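Below are the chains, spelled out letter by letter.
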Number of protein chains: 4
Amino acid sequence: MSSPPTRPVLRARYERRRAEVVAAAARTFAQRGYHGTSIDDLIAATGLTRGGLYHYMDGKEALLIAVLDELMDPLLARTRAILDGPATPEDHLRALTRAWLEHIATHRDHMVVFNQERRTLERDPAWKHIRAARRDFERLLGGVLQRGVEAGAFRTTDPQLTLLALLGMANYTAQWYAPRGRLSAEQIADRYVDLLLDGIRA
Amino acid sequence: MSSPPTRPVLRARYERRRAEVVAAAARTFAQRGYHGTSIDDLIAATGLTRGGLYHYMDGKEALLIAVLDELMDPLLARTRAILDGPATPEDHLRALTRAWLEHIATHRDHMVVFNQERRTLERDPAWKHIRAARRDFERLLGGVLQRGVEAGAFRTTDPQLTLLALLGMANYTAQWYAPRGRLSAEQIADRYVDLLLDGIRA
Amino acid sequence: MSSPPTRPVLRARYERRRAEVVAAAARTFAQRGYHGTSIDDLIAATGLTRGGLYHYMDGKEALLIAVLDELMDPLLARTRAILDGPATPEDHLRALTRAWLEHIATHRDHMVVFNQERRTLERDPAWKHIRAARRDFERLLGGVLQRGVEAGAFRTTDPQLTLLALLGMANYTAQWYAPRGRLSAEQIADRYVDLLLDGIRA
Amino acid sequence: MSSPPTRPVLRARYERRRAEVVAAAARTFAQRGYHGTSIDDLIAATGLTRGGLYHYMDGKEALLIAVLDELMDPLLARTRAILDGPATPEDHLRALTRAWLEHIATHRDHMVVFNQERRTLERDPAWKHIRAARRDFERLLGGVLQRGVEAGAFRTTDPQLTLLALLGMANYTAQWYAPRGRLSAEQIADRYVDLLLDGIRA
DNA sequence: TATGAATGAGCCTTCATTCAT
DNA sequence: CATGAATGAAGGCTCATTCAT
């Protein structure tokens, strides 16, 4: 990867193209898996040539890092911003779930890649910052549940398992969500929160 | 792959070894991903030699098929057996979830592989029967929810989304479940069903 | 590189072929330089196929290491053996120079490679043991000169420069020595020692 | 490479920059070898941009030619100038060795590159003029030894081997000479000549 | 004059698989 | 039965060079 141009005009074009490359990588990794994606798949997805691709990336793994950073960094920032404001645990939970599902909806491919490579991420020391981001997010979410229990708003003997249930159902959304589908991300979030709060028993 | 021996004694040993190979493949695929696993990884995991491995398999992809069949076939059989018996929707739901999580608990690696390769499975015609099995399972599970709603036992405006929520939380278990953990698979199943039925609102 | 076979017969053949590969590498590196040699050059020189080459080596750099080890290890061993025995400084000098030039004569390619890659060797931490071997050899040789001076056998105000002169003339031999040439390695050694001791002034 | 500017001011700047590029190439080739040096290494060493570099050179190989010409041409000219004057063989030898080592001292990188690429130079027809220059220099130097023997000033049964010894020790200087070292190039030359003439025997 | 995006051939290496022994 | 040597296609990546701007 050559260093980015310094002249503003070229710099802007460079950044734009680079973002396209990362987006194409996210899409392709999501479809074929990271290891299942060849550089040729990526050049087909970007329209660049084999060598040209390397203007915009350091290598395949750097692309994976970029995809996962694009997923985690804004989500974590958004999460922290929401939790900075005062609200009841229920409101925090709802706001967080909405933000989360909206982020997944706009980053479906990224999320699918994250789910696919989860195991690799756990093993390799190179991915520490991604693991840390995931853990931070889960802790912040778990904290909301915990405070809800302590405040008497939520009733559950096992907040940890509740957290895992919520993580499972929300993250799974990436596998089936369709942008033009019946429900918006916000609606899905609300229904999930309702489900979690009230259940379905008649 | 040479054809299996016919003499019973040799046949038995052959089958045993083959099962070990599939188990090792499941473990290794789960850790490194299917594409990320090399034949060398498999010979390291099995202790066989390069050539020896090919006595027990037709190739890497055949191994993936075997892993996924070991996951889907018994689960589907078990599911059908449970649904064959008469029970309330709630009892069916609970029995199904228990069987499902117990199966995941004993087939964690298989399930992780399934989750990882999900996208590949959707794309390639070679995987039709795996896709069909997954779809059948989801339909059977969805049917229980549907009947519960129709019978007035469950109250939900969107059984399909409820199904997706349940799929998400249950399948996610494979990512974190530990055999010697605090909760048994059965307990997890029960708490998930309780959660789904009653929610956590105080 | 696959691990060497354990069965003696196969092991022997493996070792023999591996030695051939290293020899071919030495020859080719000497002709074209290490960086100038492609894997295709090596397969042409060995008769192996592209993939087959990797049965006998870990990679191109491992081959370079093997070449340099084949050069340094026996020379250093021989040097130490010679210095273990008692002798006058002049006899030690002569014996050492003979051994050295004979070694160069039978390892011309190795020596040429060493001379070519000298600078790279100095820079990269990966080559520490090669650097150490070179330094040890030079110290042992320098010690002989030093002791000769102390014993009053050699008269030189600058043993270090004398060492460098000797190193220069001897190592240069690899560049022009021809196995079937007018002079044997032993004769060259003797003449170099005579030159060093007595000069050419009429 | 664009053709050099014709307007004197621009021309001068062009020539200056071009000389810097060749110097940087010598330095980098010496450190990493010719084949081991990439264009990126050269742009890093010159501070030019990728495209800018090609304003001052025709390509990588042209740079190598320039480096070697800078080494050989002045040395040969100087050698011929010295030999043009009348002197005893000993004085000629001393003057030549001084000039030679002083040239090496101011062209260490060039000399290192020459030593490294020696084998390549021998093989490729493109390098005929470099080979011819080397051969001419060696012949001129050998001639001095030869005449010394014929004049009865030098006593050696093998002037050719003596020449090779001298070439070895002198050329090797490039590998260890340090500009600010203990000895000047002239001093080294004198000691080498003394050594060659008188030896070190007490 | 100077830039840096773009090229595509070629680099070293790994791969799943076959087959003579 | 079992071995491991051998294959050659394909992998990710770097290269020297060109050229529109």
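The structure reproduced in this document is the subject of the present report. Predicted model only: the values in this text are computed from it and were never measured.

1. Observations regarding the packing of aromatic side chains
Residues and elements named next belong to chain A. Following the criterion strictly, the structure yields 12 aromatic pairs over all chains and no others. Ring centres 5.2 Å apart and planes at 35° place the aromatic pair Tyr14 and Tyr56 in the tilted group. Residue Tyr14 is found in helix 1 (residues 8-32), and its partner Tyr56 is found in the loop between helix 3 (50-53) and helix 4 (60-84); the two are separated by 42 residues along the sequence. Summarising the aromatic geometry, the rings of Trp100 and Phe137 are spaced 5.0 Å apart at their centres and angled 70° between planes, so their arrangement reads as edge-to-face. With Trp100 in helix 5 (residues 89-106) and Phe137 in helix 7 (residues 128-150), this residue pair connects regions lying 37 residues apart in the sequence. In this structure, Trp100 and Phe137 share a single accessibility class: buried.

2. Considerations on the packing of helix 8 (residues 159-176) of chain C against helix 9 (residues 185-198) of chain D
Helix 9 of chain D packs onto helix 8 of chain C with a crossing angle of 75° between their chain directions and a minimal axis gap of 11 Å. One element, helix 8 of chain C, and the other, helix 9 of chain D, form an angle in the roughly perpendicular class. Between helix 8 of chain C and helix 9 of chain D, the contacting residues are Leu161, Thr162, Leu164 and Ala165 of chain C on the first element and Ile188, Arg191, Tyr192 and Leu195 of chain D on the second.

3. Some words on the protein's contact with DNA strand F
Lining the immediate environment of DNA strand F, one finds 33 residues, of which Pro5, Arg17, Thr49, His55 and Tyr56 of chain C sit closest. Sugar and phosphate atoms represent 59% of those atoms of DNA strand F found within 4 Å of the protein. One nitrogen or oxygen atom from the side chain of Thr49 of chain B is found 2.9 Å from a phosphate oxygen belonging to DNA strand F. Between Ile39 of chain D and DNA strand F, the recorded distance is 2.7 Å, taken from a backbone N or O atom to a phosphate oxygen.

4. Some remarks on the protein's contact with DNA strand E
As a structural note, the neighbourhood of DNA strand E is formed by 30 residues, with Pro5, Arg17, His55 and Tyr56 of chain A together with Ile39 of chain B the closest of them. Expressed as a percentage, the sugar and phosphate content of the atoms of DNA strand E within 4 Å of the protein is 56%. Secondary structure elements with two or more residues in the surface near DNA strand E: helix 1 and helix 3 of chain A together with helix 3 (50-53) of chain D.

5. Topic: the arrangement of the chains
The two units chain A and chain C are non-contacting; their minimal C-alpha-C-alpha distance is 20 Å. A minimum C-alpha distance of 32 Å separates chain B and chain D, which share no contact.

6. A word on the nonpolar core
Inside soluble globular proteins, nonpolar side chains tend to come together where they are buried. Within the largest apolar cluster, 134 residues are counted, with the highest numbers of intra-cluster contacts made by Phe29 and Trp100 of chain A together with Phe29 and Trp100 of chain B. Residues contacting Trp100 of chain A, with those up to four places away along its chain left out, are Leu75, Phe137, Leu141, Leu166, Leu167, Ala170 and Asn171 of chain A. Formed by 133 residues, the second largest nonpolar core is a distinct cluster that contains Leu64 and Ala99 of chain C together with Leu53 and Leu76 of chain D.

7. What about the side chain of Asn115 of chain C?
Mapped onto the secondary structure, Asn115 of chain C falls in helix 6 (residues 108-123). In this view, Asn115 of chain C contacts Asn171 and Gln175 of chain C; residues no more than four positions away in its chain are not counted.

8. Side note on the interface of chain A and chain B
Residue-level contacts link 47 residues of chain A with 47 residues of chain B. When chain A packs against chain B, the two sides together hide about 4400 Å² of surface, and 52% of this comes from carbon and sulfur. Linking chain A to chain B there are eight salt bridges. Ionic pairing is found between Asp198 of chain B and Arg201 of chain A, a salt bridge with its closest N-O pair at 2.7 Å. Inspection of the region where chain A meets chain B yields 26 residue pairs in polar contact (both at pLDDT 80 or more). Where the side of chain A that touches chain B is concerned, the elements lending two or more residues are helix 1, helix 6 (108-123), helix 7, helix 8 (159-176) and helix 9 (185-198) of chain A. Of the residues forming the side of chain A that touches chain B, the biggest block, 12 residues, is contributed by helix 8 of chain A. Per-class residue counts for the side of chain A that touches chain B are 21 nonpolar, 13 polar and 13 charged.

9. Looking at the relation of the copies chain C and chain D
Superposition of the two copies of the chain requires a rotation about an axis and a shift along the axis. Taken as rigid bodies, chain C and chain D are interconverted by a rotation of 180° and an axial shift of 0.1 Å, the fit giving an RMSD of 0.1 Å. Such a combination of turn and shift is consistent with a two-fold rotation axis. The position closest to the rotation axis in chain C is occupied by the C-alpha of Gly199 of chain C, lying 2.0 Å away. An overlap of 100% is found between the interface residues of chain C and their copies at the interface of chain D, pointing to a shared contact surface.

10. A closer look at helix 7 (residues 128-150) of chain B
The first and last C-alpha atoms of helix 7 of chain B sit 32 Å apart over 23 residues, in line with the 33 Å expected at 1.5 Å per residue. Among all positions in helix 7 of chain B, only Ile130, Arg131, Ala133, Arg134, Phe137, Glu138, Leu141, Gly142, Gly143, Val144, Leu145 and Gly148 of chain B are buried. Buried residues along helix 7 of chain B sit against helix 8 of chain A together with helix 4 (60-84), helix 5 (89-106), helix 6 (108-123) and helix 8 (159-176) of chain B. Residue Gly152 of chain B follows helix 7 of chain B closely and has a positive phi angle near 80°.

Thresholds applied
Residues numbered from 1 in each chain as written. Chains lettered and ligands numbered in written order. Predicted model: local features only at pLDDT ≥ 70, side-chain atom pairs only at ≥ 80, totals over all residues. Heavy atoms only, no water. Phe/Tyr/Trp six-rings, centres within 6.5 Å; stacked < 30°, edge-to-face > 60°. Helix = DSSP H or I, 4+ residues; strand = E, 2+ residues; numbered from the N terminus. Buried < 20%, exposed > 50% of the residue type's maximum accessible area, 1.4 Å probe, protein only. Axes fitted to C-alpha atoms, helices over the stretch in contact; angles between N-to-C directions. Parallel < 35°, antiparallel > 145°, perpendicular 65-115°, else oblique. Contact = heavy atoms within 4.5 Å. Near = heavy atom within 4 Å. Polar contact = N/O pair within 3.5 Å; in protein donor to acceptor, adjacent residues only side chain to side chain. Core = buried A, V, L, I, M, F, W, Y, C linked by side-chain atoms within 4.5 Å. Buried area = accessible area lost by both parts, 1.4 Å probe. Salt bridge = Lys/Arg side-chain N within 4 Å of Asp/Glu carboxyl O. Nonpolar A, V, L, I, M, F, W, Y, C, P; charged D, E, K, R; others polar. Least-squares fit on C-alpha atoms with pLDDT ≥ 70 in both. Expected span 1.5 Å × (residues − 1).

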